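Here is what each chain is made of, one letter per residue.
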Amino acid sequence: MNASGRRDQWLLIEADDGSLTFRLRPGAVKTLGRAPRADFIVNRALVSRLHCRLTAGDDKLEVEDLKSTNGTFVNDKRVTRAELTSGDRLRLGRVELTVERSEN
């Protein structure tokens, strides 16, 4: 919770049309990918079955590539692990998600 008593969360919103939106609260660890066992399913071309893992903290969101075939990109740079902040762009295959921080 923040100073106003509201609970912060991280949002990942598809850049093109917003058809994909994922929410993570601090402490959450979620996987993204095409497989039904992924926490957040992204059933799109060039996305691996288990593509990456997101770990949400109070002040940062971390992404770790899970040996995906086509890579995980933050702001157009291929990464194996990176910290994300509000405004960053996370790309899996052709899907680009914008990172936002919000209060709920």
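Residues numbered from 1 in each chain as written. Predicted model: local features only at pLDDT ≥ 70, side-chain atom pairs only at ≥ 80, totals over all residues. Heavy atoms only, no water.

**Q** Break down the sheet that holds strand β11 (residues 95-103) for me, with residues and values.
**A** Pairing is antiparallel in the open sheet, where 6 strands are placed in the order β2-β1-β11-β10-β7-β8. Pairing within the sheet leaves two strands with one partner each, and these edge strands are β2 (21-24) and β8 (77-79). On average, adjacent strands in this sheet sit at an angle of 30° to one another, irrespective of strand direction. Note that strand β10 (residues 89-92) and β11 share 4 bridges and pair antiparallel. (Pairing = 2+ DSSP bridges. Helix = DSSP H or I, 4+ residues; strand = E, 2+ residues; numbered from the N terminus. Axes fitted to C-alpha atoms, helices over the stretch in contact; angles between N-to-C directions.)

**Q** Lay out the nonpolar core in plain terms, naming residues and giving numbers.
**A** One finds Leu24, Leu32, Leu54 and Val63 to be the most contacted residues of the largest nonpolar core, which totals 24 residues. Counting only elements with at least two residues in this core, the list comes to β1 (8-14), β2, β5 (52-56), β6 (61-65), β9 (81-84), β10 and β11. Other than its neighbours up to four places away in sequence, Leu24 contacts Gln9, Trp10, Leu12, Lys30, Phe40, Leu54, Ala56 and Leu61. (Core = buried A, V, L, I, M, F, W, Y, C linked by side-chain atoms within 4.5 Å. Buried < 20%, exposed > 50% of the residue type's maximum accessible area, 1.4 Å probe, protein only. Contact = heavy atoms within 4.5 Å.)

**Q** Please give an account of the environment of Thr31 that cites residues and values.
**A** Tracing the chain through its elements places Thr31 in strand β3 (residues 29-33). Residue classification places Thr31 among the buried residues on the basis of a relative accessible area of 15%. When the C-alpha atoms of Thr31 and Glu96 are compared, they prove to be 16 Å apart, with 65 residues separating the residues in sequence. Each residue touching Thr31, except ones within four places of it in the same chain, is listed here: Arg37, Ala38, Asp39, Phe40, Leu50, Cys52, Arg53 and Leu66.

**Q** Hey, could you go over unusual backbone geometry for me, with residue numbers and the actual values?
**A** Of note in this structure, Lys67 is not a glycine but carries a positive phi near 60°. Assignment of secondary structure puts Lys67 in the loop between β6 and β7 (72-74). A relative accessible area of 82% means that Lys67 is categorised as exposed. A positive phi is found at Asp76, a non-glycine position, where the angle reads about 70°.

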